Amino acid sequence: RRARVMGLDVEAEVKQLVEEIKRLGGKGPDGKTSVKFGVLFADDRCQNIFEALVGTLRAGKKRKLIHFDGEMLLQGVHDSVDVVLLEEC
């Protein structure tokens, strides 16, 4: 039961992450919305919403909703990495 409840929380956070990427990002030449990780990480609203932004990003990548290069993003080191929406949900 606990895993199911936690799973629902992850799903909700991933959906919220998609909305925040849309809010903060812009369309690239390929028509896909993207935002720099540093912008996402530094945003006050995102800081208030996501307890573990990096974990939510990994969950979104695992569900093939977003893409970013590498396995994990770290503040400072990966600020210029694009986080790309794969589908406009």
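The shown structure was predicted, so the numbers you read here are calculated from the model rather than taken from an experiment.

K.L.:
Could you clarify how one ought to interpret the pattern of salt bridges in this entry?
P.N.:
Any two side chains of opposite charge can pair, on the condition that their charged atoms come close. A full pass over the atoms with the stated rule returns 6 salt bridges. The partner of K22 in a salt bridge is E19, with the nearest N and O atoms 3.6 Å apart. Pair noted here: K22 and E19 are both in helix α1 (residues 2–24), with a separation of 3 residues, about one helical turn. Assessed through its relative accessible area of 27%, K22 is described here as partly exposed. Look at E19 and you get partly exposed, because its relative accessible area is 41%. Residue D82 is joined to K36 by a salt bridge in which the shortest nitrogen-to-oxygen separation is 3.0 Å.

K.L.:
Could you clarify how one ought to interpret the sheet that holds strand β4 (residues 82–85) in this entry?
P.N.:
Two orientations exist for strands paired in a sheet by backbone hydrogen bonds: parallel and antiparallel. If you walk across this open sheet you meet the 4 strands as β1-β2-β4-β3, and the pairing is antiparallel. Single-partner strands in this sheet number two, and they are β1 (26–27) and β3 (66–67).

K.L.:
I keep staring at the pairing of β4 and nothing clicks. Help me out?
P.N.:
In summary, the side chains of a regular strand alternate between the two faces of the sheet. Looking at chain direction, strand β2 (residues 33–36) and β4 are connected through 3 bridges and run antiparallel. Counterpart to V35 in the pairing with β4 is V83. The sheet contact formed by β3 and β4 spans 2 bridges and is antiparallel. Of the residues in β4, the one forming a bridge with I66 is L85.

K.L.:
What is the right way to read a nonpolar patch on the surface from this model?
P.N.:
A cluster of nonpolar side chains, contributed by M72, L74 and V77, occupies part of the molecular surface with about 280 Å² of accessible area. Assignment of secondary structure puts V77 in the loop between β3 and β4. We classify V77 as exposed; its relative accessible area is 62%.

K.L.:
I keep staring at the side chain of T33 and nothing clicks. Help me out?
P.N.:
As for its position among the elements, T33 is in strand β2. Those residues within four positions of T33 in sequence are excluded, and the remaining contacts are I21, K22, G25, G26, K27, V83, V84, L85 and E88.

K.L.:
Would you explain unusual backbone geometry in this entry?
P.N.:
The phi angle of most residues is negative, glycine excepted, and most peptide bonds adopt the trans form. With a phi close to 60 degrees, K64 is a non-glycine residue in the positive phi region. Checked against the element boundaries, K64 lands in the loop between α4 (53–62) and β3. Classification of K64 as exposed rests on a relative accessible area of 60%.

K.L.:
Honestly, the packing of aromatic side chains in this entry has me stumped. Any pointers?
P.N.:
One pass over the full model with this rule turns up 1 aromatic pair. When the ring centre of F68 is taken as origin, the NZ or CZ atom of K61, which lies over that ring, is 4.4 Å away.

Conventions used here
Residues numbered from 1 in each chain as written. Predicted model: local features only at pLDDT ≥ 70, side-chain atom pairs only at ≥ 80, totals over all residues. Heavy atoms only, no water. Salt bridge = Lys/Arg side-chain N within 4 Å of Asp/Glu carboxyl O. Helix = DSSP H or I, 4+ residues; strand = E, 2+ residues; numbered from the N terminus. Buried < 20%, exposed > 50% of the residue type's maximum accessible area, 1.4 Å probe, protein only. Pairing = 2+ DSSP bridges. Patch = residues over 30% accessible without salt bridge, like charges linked within 9 Å, V, L, I, M, F, W, Y side chains within 5 Å. Areas by Shrake-Rupley, 256 points an atom, 1.4 Å probe, with all protein chains shown as cover. Contact = heavy atoms within 4.5 Å. Phe/Tyr/Trp six-rings, centres within 6.5 Å; stacked < 30°, edge-to-face > 60°. Lys NZ or Arg CZ within 6 Å of the ring centre and 35° of its normal.

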